[in-house]
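Here are the chains, one letter per residue:
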Amino acid sequence: MAFLKNIFRRKEEIKYPPVTDYSSFITDIHSHLIPGIDDGSKTMEESIDLIKRYKALGFRKLVTTPHIMSDAFRNTPDIILGGLDKLREAVRQEGLDIEIDAAAEYYFDEDFVKLIKQKNLLTIGGKYVLFEVSYMNAPDNILQVIFDIQIAGYTPILAHPERYPFWYNKFEEYHKLKESGSLLQLNTNSLNGYYGPEAKKIAEKMVDANMIDFIGSDMHGVRHMAALERTANEKYLWKLAASGMKNATL
Ligand SMILES: [Fe+2]
């Protein structure tokens, strides 16, 4: 049995050649790099340090996504795009050759529903809307809202589906999300256990089921970056690199 297992493993490795960095993904679509407007980077210096390290990891484009959340971070397109201008200027002054764009990570609340109806959302790549839900309670009308986002002309992407414990024993819920038209964005660091063993397990299960459309760093600061550097060694990342994420289309 052990012999057969080894053969199987060897085949897996041949199928998913190792990657040493993130260059095949090209674009990171989830981060908090505009200083001082959410719980991400605190200073422009910190943002520039992180961006240098993204570049060293092979990324060529970053779409940064500040939180928009009524109860905590009341960001608007003006605040985010104003912050983007300053970030781009700092990147230019550093002579860093990397493209920076901005959208948002929308929290699933009443204001989000209003913004969808107004068709007033910041998008990734002109059409994708990144959103998250509460870590505590399963949202009861999520399929309706996913429908509304699409009716408004956008394509929804649910952020870090592997981080919602209320779905851990209801894997069929992930299938329902996909069938309703939501894409799924895995937090890259879930693959190295950064968010705990359960998140890692579900992440791997979704990768094996070919359910992941995008990866994202969900970068908030240097601890996330150190973890992201380590995740380049994870076999499941190699598997995603081989299967081709939509990141590379942006
Ligand atoms: Fe985030």
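Bear in mind that the values here come from a model prediction, so they are computed numbers and not experimental data. (Residues numbered from 1 in each chain as written. Predicted model: local features only at pLDDT ≥ 70, side-chain atom pairs only at ≥ 80, totals over all residues.)

You can see asparagine 247 is positioned in the segment after α9 (235-243). A count of 25 C-beta atoms within 10 Å places asparagine 247 in the buried class. C-alpha separation for the pair asparagine 247 and leucine 191, spaced 56 residues apart in sequence, amounts to 17 Å. (Helix = DSSP H or I, 4+ residues; strand = E, 2+ residues; numbered from the N terminus. Buried ≥ 20, exposed ≤ 12 C-beta atoms within 10 Å, placed from the backbone.)

Strand order in this open sheet of three strands is β1-β2-β4, and the pairing throughout is parallel. Each end of this open sheet is capped by a strand with a single partner; those strands are β1 (27-28) and β4 (99-102). (Pairing = 2+ DSSP bridges.)

For the rest of this paragraph, the subject is unusual backbone geometry. A positive phi angle is found at isoleucine 26, which is not glycine, with a value near 65°. If you trace the backbone, isoleucine 26 turns up in the loop between α1 (2-15) and β1. Isoleucine 26 gets classed as partly exposed once you count the C-beta atoms within 10 Å, which come to 16. Here aspartate 218, not a glycine, exhibits a phi torsion of approximately 50°, which is positive.

Val129, Leu130 and Leu240 are the most contacted members of the largest nonpolar core, which has 57 residues in total. Aside from chain neighbours lying at most four places away, what touches valine 129 is Tyr106, Leu121, Thr123, Ile149, Tyr154, Pro156 and Ile157. (Core = buried A, V, L, I, M, F, W, Y, C linked by C-beta atoms within 7 Å. Contact = placed C-beta atoms within 7 Å.)

Let us look at helix α7 (residues 197-208). Counted at 1.5 Å a residue, the expected span for α7 with its twelve residues is 16 Å, and the 16 Å between its end C-alpha atoms agrees. Of the positions making up α7, those classed as buried are Ala199, Ile202, Ala203, Met206 and Val207. Angular distribution of buried residues about the axis of α7 spans 140°; they occupy a single face of the element. α7 presents Pro197 and Asp208 as exposed residues on the side facing more than 90 degrees away from its buried surface. Close packing links the buried residues of α7 with α6 (172-179), β8 (183-187) and α9. In the stretch just after α7, asparagine 210 is the one whose phi turns positive, near 55°. (Expected span 1.5 Å × (residues − 1). Arc of directions from axis to C-beta.)

Another aspect to go through is the pairing of β8. Bridge analysis of strand β7 (residues 155-159) against β8 gives three bridges, and the strand direction is parallel. Its bridge partner being in β8, leucine 158 is matched across the sheet by leucine 184. Once the chain exits β7 it traverses α6 before rejoining the sheet at β8, and the crossover so formed is right-handed. Sheet topology places β8 next to strand β9 (residues 214-216); three bridges connect them, and they run parallel. Each residue of the ladder has a partner; that of asparagine 187, found in β9, is glycine 216. (Right-handed = clockwise from strand over helix to strand, strands pointing away.)

Remember, this is a structural readout, not a statement about activity or role.
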